[in-house]
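Residue strings, one per chain:
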Amino acid sequence: MSSREVEMWISSDEIDVSAEEDVFKIILGWIDHDRSGRKKFFAELFRHVRLVYVSRDFLRHVIVTNELVKDNNICLTLVKDAINLLDSKNFERLSAPPRKSLETPVVVINVGKNVLCYILRENSWCKLGEIPAELIRQHNFVPYNGQLYGTEREMPSYFFKQQVAYDPYSNSCILLPAWEEKRRYLRKTFVSNGDEMYALLSEPCVVYHLRDLRFCFNSPGTDTNQTCGSRKHTSFLTNYKPETNSWEDVTSFDHLGLRDDFCIVANDNFIYFIGGRECCGDNCTILTDVDRFELSRKQWDKAADTQMARCRARGAALNEKIYITAPSARPQAYPFSYEVYDETTNEWQIITCGTTAELGFSYVDILAVDGELYLVEMRPFNPGVYADIPKRIRIERYYPEENQWKLKTKFTARYPMRCRDHPTIVCSMRIFKGLFNMRQVETYLTF
């Protein structure tokens, strides 16, 4: 291989290695094949070793003592800077992400301000860290670029206000600059394919309509059309640009109208809007409608309706299929029901409840993690209790061949007083396997 070919290989996120130390060994092996002719390329190749993900012992006893490193001041400085960074444990500005082969899939949830991480391949829990109570209450978090991004909605108007980013490597939160665009009602933020973050927003009058509609349940005489008459209501799909910390409009549309409480699932080139409810006067209808937006062509079309009307459903995409779960019409028998949509046949099918969703689990979320489907089930905090009380949390895996859900893990945690009814973090992400060596990460003990 030429030096250019080696450089292209070792600079890739996709290179399959068991540890970052292997990249350094690859460079040495290539140079030793023709040391006199190739050692001049060492510094150029060495800069592609992501030193912060190399163990501190290997840095101090192998890399920094290597003759090729010692003979080059730039290389030596890079190693010393990495050692100082690891010693300081200040990982707020890591220069590069870890290789994908060095990451492990995890489920991340919060119990109050505690951020907990379930490592699927090790079947173990740890505590990643803490997010300040005022931030964990005000933000709903989604995984993006190896961090958790929380978007705050200004109360009581619900307009977009500010974002915060939680970095698991440094266990710290960074407040991002406020969004300086038009004030719009934030409906939801979500991630597509793990590398694009979107927000669904609506024009300001929508929030007043929806607030009035909810008020109607107690005061049927409220007129929800006083604000803007019968004109159509515009919503916006926007895309986050991390390099400029700004949002860029992708499209605007009006056919969702005042539809609310729908489920959004992104899968490859499509964004699905599933179910929800639509209110007119004192009447609310739970919907089976499924609309989808094609990102590449920026076009809308209709997908097949769900078999059951769904409101406040949760969903995940896996292998050209969309899975959703929502409260069941028969809560005493089956608290939650499930459907799956096949993109190749444009059909929905009911799938079994299995052993999942025991009575009393009123919060259920569905996640696609590392090619597998999981459920996260929790009991919400009971505001009538004036002390910390234990809460059960379960994670189950779906086996499509058997059409069964099977328990993966369960534990009991204590929710603090004044904790939100539902968690603000329930997601899957990938983290560097060596994170637990980079900084102190607590093993989470159940009780």
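Rules used in this analysis
Residues numbered from 1 in each chain as written. Predicted model: local features only at pLDDT ≥ 70, side-chain atom pairs only at ≥ 80, totals over all residues. Heavy atoms only, no water. Helix = DSSP H or I, 4+ residues; strand = E, 2+ residues; numbered from the N terminus. Buried < 20%, exposed > 50% of the residue type's maximum accessible area, 1.4 Å probe, protein only. Phe/Tyr/Trp six-rings, centres within 6.5 Å; stacked < 30°, edge-to-face > 60°. pLDDT = per-residue confidence, 0-100. Contact = heavy atoms within 4.5 Å. Axes fitted to C-alpha atoms, helices over the stretch in contact; angles between N-to-C directions. Parallel < 35°, antiparallel > 145°, perpendicular 65-115°, else oblique. Nonpolar A, V, L, I, M, F, W, Y, C, P; charged D, E, K, R; others polar. Expected span 1.5 Å × (residues − 1). Arc of directions from axis to C-beta. Polar contact = N/O pair within 3.5 Å; in protein donor to acceptor, adjacent residues only side chain to side chain. Core = buried A, V, L, I, M, F, W, Y, C linked by side-chain atoms within 4.5 Å. Pairing = 2+ DSSP bridges.

### Quick notes on the environment of D13
Inference 1: Residue position: D13 is located in the loop between α1 (3–10) and α2 (21–32).
Inference 2: Here D13 falls in the partly exposed class, since its relative accessible area comes to 29%.
Inference 3: Expressed as a C-alpha distance, the spacing of D13 and R99, which sit 86 residues apart in the sequence, is 4.7 Å.

### A short note on the packing of aromatic side chains
Inference 1: What the rule picks out here adds up to 23 aromatic pairs.
Inference 2: Ring centres of F190 and Y198 lie 5.8 Å apart, and the angle between their planes is 20°; on these two criteria the pair is classed as stacked. Note on accessibility: F190 and Y198 belong to one class, buried.
Inference 3: The interplanar angle of 55° and the centroid separation of 4.6 Å between the aromatic rings of F253 and W300 together place this pair among those described as tilted. Of the two residues, F253 is situated in strand β11 (residues 246–253) and W300 in strand β17 (residues 299–303); the sequence distance between them amounts to 47 residues.
Inference 4: Of the residues examined, F253 reaches a relative accessible area of 6% and is grouped as buried.

### Observations regarding the confidence of the model for the protein chain
Inference 1: Confidence along the protein chain averages 83 in pLDDT terms, with 81% of residues attaining 70 or more.
Inference 2: Within the model, pLDDT remains below 50 along residues 215–226, and this stretch shows 14 contacts once partners closer than five positions in the same chain are excluded.

### Some remarks on the packing of α2 against helix α5 (residues 56–63)
Inference 1: Running from amino to carboxyl end, α2 crosses α5 at an angle of 25°, the nearest separation of the two axes being 11 Å. What the angle tells us is that α2 and α5 run roughly parallel. Residues E21, F24 and K25 of α2 lie in contact with α5, whose contacting residues are F58, V62 and I63.
Inference 2: Class assignment for the residues of the contact of α2 with α5 results in 4 nonpolar, no polar and 2 charged.

### Quick notes on helix α7 (residues 73–88)
Inference 1: Over its 16 residues, α7 runs 22 Å from end to end, which matches the ideal 22 Å to within 8%, given 1.5 Å per residue.
Inference 2: Burial in α7 covers these residues: C75, L76, V79, A82, I83 and L86. Taken around the axis of α7, the buried residues stretch over an arc of 125°, which confines them to a single face. Exposed positions of α7 whose direction lies more than 90 degrees from the buried face are N73 and I74.
Inference 3: Elements that come into contact with the buried residues of α7 comprise α4 (42–46), α5, α6 (67–70) and α10 (435–438).
Inference 4: At the N-terminal end of α7, a side-chain oxygen is found 3.0 Å from the backbone nitrogen of I74, two or three residues along, and the residue is N72.
Inference 5: Of the residues one or two after α7, K89 is the one with positive phi, at around 60°.

### What to know about the nonpolar core
Inference 1: Core analysis: the largest hydrophobic core is formed by 55 residues, its most contacted members being F42, F46 and I63.
Inference 2: Apart from the residues lying within four places of it in its own chain, the contact partners of I63 are F24, F46, L51, V54, F58, V69 and V79.

### Examining the sheet that holds strand β12 (residues 263–267)
Inference 1: Strand order in this open sheet of 4 strands is β12-β13-β16-β17, and the pairing throughout is antiparallel. Since the sheet does not close on itself, it has two edges, and those belong to β12 and β17, each with one partner. Strand-to-strand twist in this sheet, taken as the mean axis angle between neighbours without regard to direction, amounts to 25°.
Inference 2: The pairing of strand β13 (residues 270–274) with strand β16 (residues 290–294) spans 5 bridges and is classified as antiparallel. Counterpart to I274 in the pairing with β16 is V290.

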